[in-house]
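Per-entry structural report
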Amino acid sequence: MNKADIVDVLEDIAVLLELKGENPFKIRAYATGARVLETMEADLSELIEADKLSGVKGIGSALVEKIETLHTTGELPYYAELRASVAPGLIEMLEIPGLGGKKVKKLHDALGVDTVDGLKAACESGGVEALKGFGKKSAEKILTGIANRAAYAQRHHWWTAAEVAAPILEGLRELPGVERAEVAGSLRRLKETVGDLDFIVASAEPQPIMDWFVTQPGVQEVTARGQTKSSVRFDTGLQADLRVVPAPQFAFALHHFTGSKEHNVALRQRALARGYSLSEWGLAEKGEGADREAEQPDAISTEAELFAFLGLAEIPPELREGLGEIEAAEAQTLPNLVSSAAIRGVFHNHTTASDGRGTIEEMAAAAQALGWEYLGLADHSKASYQANGLDEARLLKQVAQIRAFNQSGVSPVHVFSGIECDILPDGSLDLDDDTLKALDYAVMSVHSSFSQSEEEMTARVIRAIEHPATTMLGHPTGRILLRREPYKINLQKVIDAAIANRVIIEINANPHRLDMDWRLWRRAAERGLMCSINPDAHSTSGLSYFDAGVNVARKGWLEQEQVLNTRDCEGVLQWFAQRR
Ligand code: DGT
Ligand code: CA
Ligand code: CA
Ligand code: ZN
């Protein structure tokens, strides 16, 4: 098990001990150990091999053995037993924002609640607000947390859903009798989260395809089973629908089940205006019996032909949200969307200097493997102490290391020196101006004081945007999809300030963030906002998240010119130079 995962386990143990009301010294030993391990610069494997872990200040003797066990075996019986000794409902309660081990224990001891439902009832009946240390506001906050949690449980991150869908789609395409197979729905539209998967298959013989589908690995329950449609639920909770249609209906079914509903309604109206009724089964001339088998006007077998029949250019699935795409398709003004192949490097990435897992060399090699010309490194700054953020001295040391790396000629990838600098609560920056000036660029991000008012947060971020050292704004709302709501901020004002100051806003491509949201990009980019697709990689494999960011850019109607990291090295340098 690697260092970061061990830190997670130690933190978990501290919370569980708290929940059980254990001795505070014992709890602190785990919490401190986690912190020390996380911020330690020495290599964990080397320390363990040299038998020197017990010499590290802050790692007590009880922890040394546990860390070593986790490191070598990836498991820890003590941790497993501890987890098993706590009611699962209490562990679930820990996922509600604002509830830690101590509070959950108090709720459990005072009110006897040991499930999330029980806690909800206790909030509604006034039991929680009457408790010392809680009050009306916390009871309300807990209720909101529970409601969000229920809503979150029904959706899945696009990236995870895509990983489930890929092998199924591949398998379907290889089955005998399958003429065509596609995934439709929100996954195909590249939405940031997905409710369920929708597979559409063309075949004359549905039964064997259904049989195959419902017995795929991970299928926990078959929730519907019909002649031409089946639905399943996987063990992760994700559900999937499969529809098998005769080949001539395929394009219509694919289009219909790709959606969105709003797009479908608009397209159906357009068909009606031209004398046709459009449905998942096909196009029929108006006036014919509604349930009569549709007579396709001259074999439409692709979506492109369907759009062309209605006088439209082919609309990419990710634009089908009923937001003006049909008008643009009619006027032949659909955007020429940015593609993954156009990306030449990425800027917001972490190394082992802060909380990343790859070194400069490893990250550059991974960038080279992706075919990129350059790589920007942007480790955390010192205010992000939990991420081992860099102070001025450590940062300048890294700048020198990167310069030496570039000069050594070992890599064709040019590494840019950057920082992900904290925007402090008052909008000032976490590093001094001289140090910031020594960098090629800087990403500024909010990582603290999330509960400021909208006015405060907006002013805070705008102050950072106005600083001459600012190249980009990182994850502008701080949202974590399906876990944490955005902080309150007036993004329109932030976008205005970014445009006025020639500051880039990132699409944070981490599949759990996808921030700034696609819904804002089209208008903002039309007004001159520049984008950068930033994977926020914390490891070499994290670089591949850039693809999820490309999805968001496409969904936001962005073209290549509006994305900084489609430029070559020279173009990037020019942008950086003009900003200063
Ligand atoms: P999701 O699964 O919630 O992430 O979103 P979708 O868009 O995949 O929705 P889903 O799975 O319920 O249905 C797939 C598509 O089928 C949807 O985008 C449009 C189409 N569709 C489903 N129900 C209706 C409907 O009542 N009216 C219309 N016009 N289209 C529908
Ligand atoms: Ca769906
Ligand atoms: Ca569905
Ligand atoms: Zn960040």
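The preceding data block contains the structure.
Let me begin by describing the structure that accompanies this report. All values derive from a computational prediction rather than experimental measurement.

1. Some words on the environment of glutamate 559
By secondary structure assignment, the location of glutamate 559 is in the loop between α23 (546–555) and α24 (569–579). Linking glutamate 559 and proline 335, residues 224 residues apart in sequence, is a C-alpha distance of 6.5 Å. For glutamate 559, the residues in contact, after removing those within four places along its chain, are Pro335, Asn336 and Val338.

2. Structural notes on the coordination of the zinc ion (ligand 4)
Donor atoms from the polypeptide that bind the zinc ion (ligand 4) are Glu420 (OE), His447 (NE2) and His475 (NE2), placed at 2.0 to 2.2 Å. Positions of the donor residues of the zinc ion (ligand 4) along the chain correspond to the pattern E-x26-H-x27-H. Of the two residues, glutamate 420 sits in strand β12 (residues 414–422) while histidine 447 sits in the loop between β13 (443–445) and α20 (454–466), which places them 27 residues apart along the sequence. The class of glutamate 420 is buried, set by a relative accessible area of 1%.

3. So, the coordination of the calcium ion (ligand 3)
Summarising the metal site, the calcium ion (ligand 3) is bound by the protein donors Asp196 (OD), Asp196 (OD), Asp198 (OD) and Asp241 (OD), whose distances to it range over 2.3 to 2.7 Å. Between the two metal centres, the calcium ion (ligand 3) and the calcium ion (ligand 2), the spacing is 3.7 Å, with aspartate 196 acting as a shared donor. Note that aspartate 196 is positioned in strand β4 (residues 196–202) and aspartate 241 in strand β7 (residues 239–245), a separation of 45 residues in sequence. By relative accessible area, aspartate 241 is classed as buried at 11%.

4. Topic: the site of ligand 1
Near ligand 1 you find 16 residues, and of these Arg155, Ser186, Arg189, Gly195 and Asp196 are the closest. Arginine 155 places a side-chain nitrogen or oxygen 2.7 Å from an oxygen atom of ligand 1. Out of a free accessible area of 590 Å², ligand 1 has 68% covered by protein chains. Counted by class, the shell around ligand 1 contains two nonpolar, eight polar and six charged residues. Residue contributions to the shell around ligand 1 reach at least three from each of two domains, namely domain 2 (156–245) and domain 3 (252–330).

5. Points about the state of the cysteines
On inspection of all chains with the given rule, the structure shows zero disulfides. Cysteine cysteine 531 is unpaired, with the sulfur of cysteine 569 as its nearest cysteine sulfur at 19 Å.

6. Here's the deal with the nonpolar core
Note on soluble globular proteins: their nonpolar side chains tend to be buried together. By size, the foremost hydrophobic cluster in this structure holds 66 residues, and its most contacted members are Leu436, Val494, Ile505, Trp521 and Ile533. Look past the residues within four positions of isoleucine 533 in its chain and what remains in contact with it is Ile343, Val346, Ile507, Ala509, Phe546, Gly549, Val550, Ala553, Val563 and Asn565. Within the second largest apolar cluster, 47 residues are counted, among which are Ala14, Ile67, Leu82 and Leu107.

7. Digging into the sheet that holds strand β6 (residues 229–234)
Two strands in a sheet stick together by hydrogen bonds in their backbones, pointing the same way (parallel) or opposite ways (antiparallel). Pairing within the open sheet is mixed, and its five strands lie in the order β2-β4-β7-β6-β5. Single-partner strands in this sheet number two, and they are β2 (180–183) and β5 (219–225). Strand after strand, the sheet turns through a mean of 20° between neighbouring axes, direction not considered. Bridge count between β5 and β6: five bridges; the pairing is antiparallel. The partner of valine 219 across the bridge, within β6, is phenylalanine 234.

8. Overview of the packing of aromatic side chains
Think of a pair of aromatic rings as described by two things: how far the centres are apart, and how the planes are tilted against each other in angle. Under the defined criterion, the tally for this structure stands at 14 aromatic pairs. Measuring from ring centre to ring centre gives 5.5 Å for tyrosine 441 and phenylalanine 576, while their planes differ by 10°; the resulting arrangement is stacked. With tyrosine 441 in the loop between α19 (433–437) and β13 and phenylalanine 576 in helix α24, this residue pair connects regions lying 135 residues apart in the sequence. Using a relative accessible area of 0% as the deciding quantity, one classes tyrosine 441 as buried. Over the ring of phenylalanine 134 we find lysine 103, and its NZ or CZ is 5.7 Å from the ring centre. Over the face of the ring belonging to tryptophan 518 we find lysine 555, whose NZ or CZ atom lies 4.6 Å from the ring centre.

Reading the values: the criteria
- Residues numbered from 1 in each chain as written.
- Chains lettered and ligands numbered in written order.
- Predicted model: local features only at pLDDT ≥ 70, side-chain atom pairs only at ≥ 80, totals over all residues.
- Heavy atoms only, no water.
- Helix = DSSP H or I, 4+ residues; strand = E, 2+ residues; numbered from the N terminus.
- Contact = heavy atoms within 4.5 Å.
- Donors = N, O, S within 2.8 Å, 3.2 Å for Na, K, Ca; no water.
- Buried < 20%, exposed > 50% of the residue type's maximum accessible area, 1.4 Å probe, protein only.
- Near = heavy atom within 4 Å.
- Polar contact = N/O pair within 3.5 Å; in protein donor to acceptor, adjacent residues only side chain to side chain.
- Areas by Shrake-Rupley, 256 points an atom, 1.4 Å probe, with all protein chains shown as cover.
- Nonpolar A, V, L, I, M, F, W, Y, C, P; charged D, E, K, R; others polar.
- Domains from an automatic or database assignment.
- Disulfide = S-S within 2.5 Å.
- Core = buried A, V, L, I, M, F, W, Y, C linked by side-chain atoms within 4.5 Å.
- Pairing = 2+ DSSP bridges.
- Axes fitted to C-alpha atoms, helices over the stretch in contact; angles between N-to-C directions.
- Phe/Tyr/Trp six-rings, centres within 6.5 Å; stacked < 30°, edge-to-face > 60°.
- Lys NZ or Arg CZ within 6 Å of the ring centre and 35° of its normal.

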